[in-house]
Amino acid sequence: KAGVTQTPRYLIKTRGQQVTLSCSPISGHRSVSWYQQTPGQGLQFLFEYFSETQRNKGNFPGRFSGRQFSNSRSEMNVSTLELGDSALYLCASSPPSYEQYFGPGTRLTVT
Amino acid sequence: TQLLEQSPQFLSIQEGENLTVYCNSSSVFSSLQWYRQEPGEGPVLLVTVVTGGEVKKLKRLTFQFGDARKDSSLHITAAQPGDTGLYLCAGAGGNTGKLIFGQGTTLQVKP
C-alpha cells in the first residue's frame, strides 16, 4: 500500500497570510489526525477527523482548522499566520486502532 | 491532564553501547506505542504493547510495558549509527480519547 502523502513538503509564508496543507491517507484508513511539531513543544495534537467529522481537537486557537473529504483526504488551514506557527506539520492516518501512520510532513516557515 | 514523561531527553553514545529510554506516566493506558523519527521525516511506528508486563523484541530493540500499564521502556543493545533519531512513546486509551505523546528522546550514536 502507498503511504501517507502530504503536500507541499515545504512552504514559506509571511505573517498575516493563510495556508492550506493537504494530506492523503493510506487507502482504507478513515481516520486522519494532524500534529504540529516544534523543537520546543514537541509533537502536539491539532485535531482528528473520522468520516468527514471532527472527532477530537487539541488546544489550538481557532485560526487552525481542518476538514476531511468523502475519500478520506484531509486539509488543514491556518489563517492569519504568526511567526510562532513555523513548524513541521504532520498528518497521520490510522486503521481502527490508535496506531498512527505518519506522512513526511510539511515544513512551514513564517517570515 | 495526562502526561507522558520521557527520559533522558538527549543521549549521545558510542557505537556498540547499550542504552535504555524510559517513558513514565501517572495515568493508565490501554496500550503504548513507540515511534522513531529521522530528520526531515515523519515518525515511524516501531511497536505497540498492550498487556501489562508485555515484552516485545525487534532485532536489537526490546520494549517493555509496565505491569500497571503506566510506564514503558525501550532498550537497545549494541547501538549502531543507524539507530540515531528521535524516539517517541505514545499512550492510548486514556480518558481524553487522544493519543498522548511524550516529548521524545534524541539519540545520537557515534561511529
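See above for the structure.
Described below are features of the structure shown in this document. Residue positions are counted from 1 within each chain, in the order its sequence is given. Chains carry letters and ligands carry numbers; both start at the beginning, A for chains and 1 for ligands, and go up in the order they are written. Given that this is a predicted model, residues contribute local features only at a pLDDT of at least 70 and side-chain atom pairs are listed and counted only at 80 or more, while totals for whole chains, interfaces and linings are drawn from all residues. Note that the side-chain values use all heavy atoms of the structure and ignore hydrogens as well as water.

Now for the sheet that holds strand β6 (residues 55-58) of chain B. Residues and elements named next belong to chain B. Strand order in the open sheet made by the 5 strands is β1-β3-β8-β7-β6, with antiparallel pairing throughout. Pairing within the sheet leaves two strands with one partner each, and these edge strands are β1 (5-7) and β6. Each strand of the sheet is rotated relative to its neighbour by a mean of 15°, with strand direction disregarded. Direction of pairing for β6 relative to strand β7 (residues 61-65): antiparallel, over a ladder of 4 bridges. Paired with L58 across the bridge in β7 is L61. At least two DSSP bridges between two strands are required for those strands to pair. A helix here means a DSSP run of H or I that spans at least four residues, while a strand means a run of E at least two residues long, and both kinds are numbered starting from the N terminus. A fitted line through C-alpha atoms serves as each axis, taken over the contacting stretch for helices, and the angle formed by two N-to-C directions is quoted from 0 to 180°.

The next thing to look at is the interface of chain B and chain A. In this analysis, two residues are considered to be in contact whenever any of their non-hydrogen atoms come within 4.5 Å of each other. At the interface, 19 residues of chain B touch 20 residues of chain A. Here the buried area means the combined drop in accessible surface, using a 1.4 Å probe, for two parts upon being joined, counting both sides. Summed over both sides, the interface between chain B and chain A buries roughly 1,500 Å², with carbon and sulfur atoms accounting for 53% of that surface. Contact with chain A buries area across many residues of chain B, yet P43, K98 and F101 of chain B alone supply 30% of it, more than any other trio. When a carboxyl oxygen of Asp or Glu lies within 4 Å of a side-chain nitrogen of Lys or Arg, that pair is called a salt bridge. Applying the counting rule to chain B against chain A returns 0 salt bridges.

Glancing now at the environment of Q108 of chain B. All names here are of chain B. Structurally, Q108 can be placed in strand β11 (residues 105-110). Judged by relative accessible area, which is 41%, Q108 ranks as partly exposed. Excluding residues within four positions of it along the chain, Q108 makes contact with L11, S12, I13 and T84. Polar contacts, as counted here, are pairs of nitrogen or oxygen atoms within 3.5 Å of one another; within protein the pair requires one atom able to donate a hydrogen and one able to accept it, and residues that are adjacent in sequence qualify only if both atoms are side-chain atoms. Polar side-chain contacts of Q108 include one of 3.0 Å to the side chain of S12. The buried label goes to any residue with under 20% of its type's maximum accessible area, the exposed label to any with over 50%, and the partly exposed label to all in between, with areas taken from a 1.4 Å probe on protein chains only.

In these notes, a set of buried Ala, Val, Leu, Ile, Met, Phe, Trp, Tyr and Cys residues joined through side-chain atoms within 4.5 Å is what counts as a nonpolar core. Ranked by size, the top nonpolar core spans 22 residues in total, and within it L19, L32, W34, F63, L74, I76 and L107 of chain B carry the most contacts. Residue assignment for this core shows that the elements contributing at least two residues are β3 (19-24), β4 (31-37), β5 (44-49), β7, β8 (71-76), β9 (85-92) and β11 of chain B. Aside from chain neighbours lying at most four places away, what touches L107 of chain B is L11, I13, L19, I76, D83, T84, G85 and Y87 of chain B. In this structure, W34, Y49, Y89 and L108 of chain A belong to the second largest nonpolar core, which totals 21 residues.

It is worth spelling out the pattern of salt bridges at this point. One pass over the full model with this rule turns up 7 salt bridges over all chains. Between R63 of chain A and E82 of chain A there is a salt bridge, and its shortest N-O distance comes to 3.6 Å. You can see R63 of chain A sitting in the loop between β6 (53-57) and β7 (64-68) and its partner E82 of chain A sitting in the loop between β8 (74-78) and β9 (87-94), a full 19 residues away along the chain. Ionic pairing is found between R60 of chain B and D83 of chain B, a salt bridge with its closest N-O pair at 2.9 Å. Note that R60 of chain B is positioned in the loop between β6 and β7 and D83 of chain B in the loop between β8 and β9, a separation of 23 residues in sequence. Classification of R60 of chain B as partly exposed rests on a relative accessible area of 23%. Of the residues examined, D83 of chain B reaches a relative accessible area of 4% and is grouped as buried.

A separate point is the packing of aromatic side chains. The geometry of two aromatic rings is summed up by the distance between their centres and the angle between their planes. Stacked, tilted and edge-to-face pairs are distinguished by plane angle, under 30 degrees for stacked and over 60 for edge-to-face with tilted covering the rest, among Phe, Tyr and Trp rings (Trp via its six-membered ring) whose centres lie within 6.5 Å. Scanning all chains against the criterion turns up 9 aromatic pairs over all chains. Ring centres of W34 of chain B and F63 of chain B lie 6.4 Å apart, and the angle between their planes is 45°; this geometry places the pair in the tilted category. Taken together, the residues W34 of chain B in strand β4 and F63 of chain B in strand β7 connect sequence positions 29 residues apart. Neither residue differs from the other here; W34 of chain B and F63 of chain B are each classed as buried. Where Y35 of chain B meets F101 of chain B, the ring centres are 5.6 Å apart and the plane angle is 45°; that geometry is what we call tilted. In this pair, Y35 of chain B is assigned in strand β4 and F101 of chain B in strand β10 (residues 100-101), connecting sequence segments 66 residues apart. Like Y35 of chain B, the residue F101 of chain B is buried in the burial classification. Members of the aromatic cluster, connected to one another through ring pairs, are Y35, F45 and F102 of chain A together with Y35 and F101 of chain B.

Function-wise, these values are silent; they only describe arrangement.
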